[in-house]
Amino acid sequence: MLVSAKEMLVKAKAGHYAVGQFNINNLEWTKAILQTAQELNSPVILGVSEGAGKYMCGFKTVTDMVKAMIDELKITVPVALHLDHGTYEGCYRCIEAGFSSIMFDGSHYPIAENVEKTKELVRVCAEKGLSLEAEVGAIGGEEDGVIGMGECADPNECKQIADLGVTMLAAGIGNIHGKYPANWPGLSFETLAAISEKVGKMPLVLHGGTGIPADMIRKAISLGVSKINVNTECQLAFAAAVRKYVEEGKDLQGKGFDPRKLLAPGVEAIKATVREKMELFGSIGKA
Ligand SMILES: [Zn+2]
């Protein structure tokens, strides 16, 4: 059964650990993440971007696959199926498709419009028992080959959005999506502490979890981050493992071309990455 992310994140915030959001792209990804969460008795959030949803033939296909897999694999740990960086329209499509959690990324709207749309989604999600993530201050990343250094959100705007009744809040604290540039100055703990003080018990979300040093992750958790998004790191691990298999010519040996064999090293690499992150985030045994 899918659950809202609310309870697991409130528990995480109170217990000073974080729950990982791992983005899925296909059946292998989903299976690897669910099995690892079950094995480690950890709550987990499966993230789906609109692009990944489209790739997997629509949100309904995703919901049905995840639900069936939870059933067939006898997954008993709490699992939330979450729309990552949803547009206004995308949020409604996922609500309809049976997602248990959504993120409305209204960070590109003027704050007044972000507030208005978020308010409406707070009401709809509350009615249906879904958790809702809002974003304040754009979280940068590579665009057209230029890597932004990551913005910092205004703590007062964070409070304004948090007070609307969202479940969790993503705020830019210098974090970015994708690989971090060599001259990245690091997370702004000053901003994080200021936001934390303003929003009180609201769980905070750290996007762009790939490549942030472990000590910074631990410090961010100690300052109120209770959900950390991991996407690129699983992709890099999967690609490297499958590349190695092919480069070693294993697809040419016997039935090595069988997709179940060809993709197996990639699946193992995702499992190892998820395990490493759950250890770092402290969510093992917290289901
Ligand atoms: Zn993000």
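Here the residue numbers are simple positions, counted from 1 along each chain's written sequence. Since the coordinates come from a predicted model, pLDDT governs what is reported: local features require at least 70, and pairs of side-chain atoms require 80 or more to be given and counted, while whole-chain, interface and lining totals use all residues.

Caption draft 1: View of the overall build of the chain. Starting at the N terminus, helices and strands are each numbered in turn, a helix being any DSSP run of H or I of at least four residues and a strand any DSSP run of E of at least two. When helices and strands are tallied, the chain shows twelve helices and eleven strands. Computed over the C-alpha atoms, the radius of gyration of the chain is 18 Å, within 12% of the 19 Å expected from 2.2 N^0.38 for a compact globule of 287 residues. Residue burial here comes from a neighbour count, namely the number of other C-beta atoms, placed from the backbone, that lie within 10 Å of the residue's own C-beta, with 20 or more meaning buried, 12 or fewer meaning exposed, and in between meaning partly exposed. Relative to its full complement of 287 residues, the chain shows a buried share of 45%. Our contact criterion uses C-beta atoms placed from the backbone: two residues qualify when those atoms are within 7 Å. Taking as baseline every contact in the chain between residues at least 6 positions apart, the subset at least 24 positions apart corresponds to 71%. C-alpha atoms define the radius of gyration in this analysis, and the globule rule sets the expected value at 2.2 Å times the number of residues to the power 0.38.

Caption draft 2: Region of the structure containing the sheet that holds strand E8 (residues 168-171). We call two strands paired when DSSP finds no fewer than two bridges between them. A barrel is described by the order of its strands in space; here eight strands give the closed sequence E1-E2-E3-E4-E5-E8-E10-E11, paired in parallel fashion. Taking the axes of each pair of neighbouring strands and ignoring which way they run, one obtains an average angle of 25° across the sheet. As defined by bridge partners, strand E5 (residues 131-136) adjoins E8 across four bridges and the pair is classed as parallel. Note on E8: the bridge partner recorded for Glu 135 is Ala 170. Lines fitted to C-alpha atoms define the axes, with helix axes restricted to the stretch in contact, and inter-axis angles between N-to-C directions lie between 0 and 180 degrees.

Caption draft 3: Representation of the environment of Leu 164 within the structure. Summarising the element assignment, Leu 164 is placed in the loop between helix H7 (155-162) and E8. Note on Leu 164: 18 C-beta atoms within 10 Å, which makes it partly exposed.

Caption draft 4: Molecular detail of the pairing of strand E4 (residues 101-104). Side chains Ser 101 and Met 103 project from E4 onto one buried face, and the interleaved Ile 102 and Phe 104 project onto a second face that is buried too. When strand E3 (residues 79-86) meets E4, the two strands line up parallel, connected through three bridges. Counted as the bridge partner of His 82 is Ser 101 from E4. Where E4 lies against E5, four bridges are found, and the strand directions are parallel. Of the residues in E5, the one forming a bridge with Phe 104 is Ala 134.

Caption draft 5: Helix H2 (residues 27-39), seen in detail. Helix span, as expected, comes to 1.5 Å for every residue beyond the first. Along its 13 residues, H2 runs 18 Å from first to last C-alpha, staying within 8% of the 18 Å computed at 1.5 Å per residue. All of the buried residues in H2 are Trp 29, Thr 30, Ala 32, Ile 33, Leu 34, Thr 36 and Ala 37. In the core, the buried residues of H2 are packed alongside strand E1 (19-23), strand E2 (44-49), helix H4 (59-72), E3 and helix H12 (264-281). Of the residues trailing H2, Asn 41 is marked for its positive phi of about 50°.

Caption draft 6: Representation of the packing of helix H10 (residues 232-247) against H12. Across the interface, H10 lies against H12 with an axial gap of 8 Å and an inter-helix angle of 145°. Of the two possible hands of crossing, H10 and H12 adopt the one that is right-handed. For the pair H10 and H12, the contacting residues are Glu 233, Cys 234, Ala 237, Phe 238, Ala 240, Ala 241, Val 242, Lys 244 and Tyr 245 in the first and Pro 265, Gly 266, Glu 268, Ala 269, Ile 270, Ala 272 and Thr 273 in the second. Residues are grouped as follows: Ala, Val, Leu, Ile, Met, Phe, Trp, Tyr, Cys and Pro are nonpolar; Asp, Glu, Lys and Arg are charged; every other residue, Gly included, is polar. In the contact of H10 with H12, the residues fall into eleven nonpolar, two polar and three charged. Should the near helix be turned anticlockwise from the far one by less than a right angle, the crossing is left-handed, and should it be turned clockwise, the crossing is right-handed.

Caption draft 7: Geometry of helix H8 (residues 189-199). Every buried residue of H8 is accounted for by Thr 191, Leu 192, Ala 194, Ile 195, Ser 196 and Val 199. Buried residues along H8 sit in contact with H7, E8, strand E10 (204-206) and helix H9 (214-222). In the stretch just after H8, Gly 200 is the one whose phi turns positive, near 60°.

Caption draft 8: Expanded view of the nonpolar core. We define the nonpolar core as any set of buried residues of the types Ala, Val, Leu, Ile, Met, Phe, Trp, Tyr and Cys, connected via C-beta atoms lying within 7 Å of each other. Counting 76 residues, the largest nonpolar core has Ile 33, Leu 46, Ile 102, Cys 158, Leu 169, Ala 171 and Ile 270 as its most contacted members. For this core, the leading source of residues is H12, giving six residues. If we ignore the near neighbours within four places in the chain, the residues touching Leu 169 are Ala 134, Val 136, Cys 158, Ile 161, Ala 162, Val 199, Met 202, Leu 204 and Val 205.

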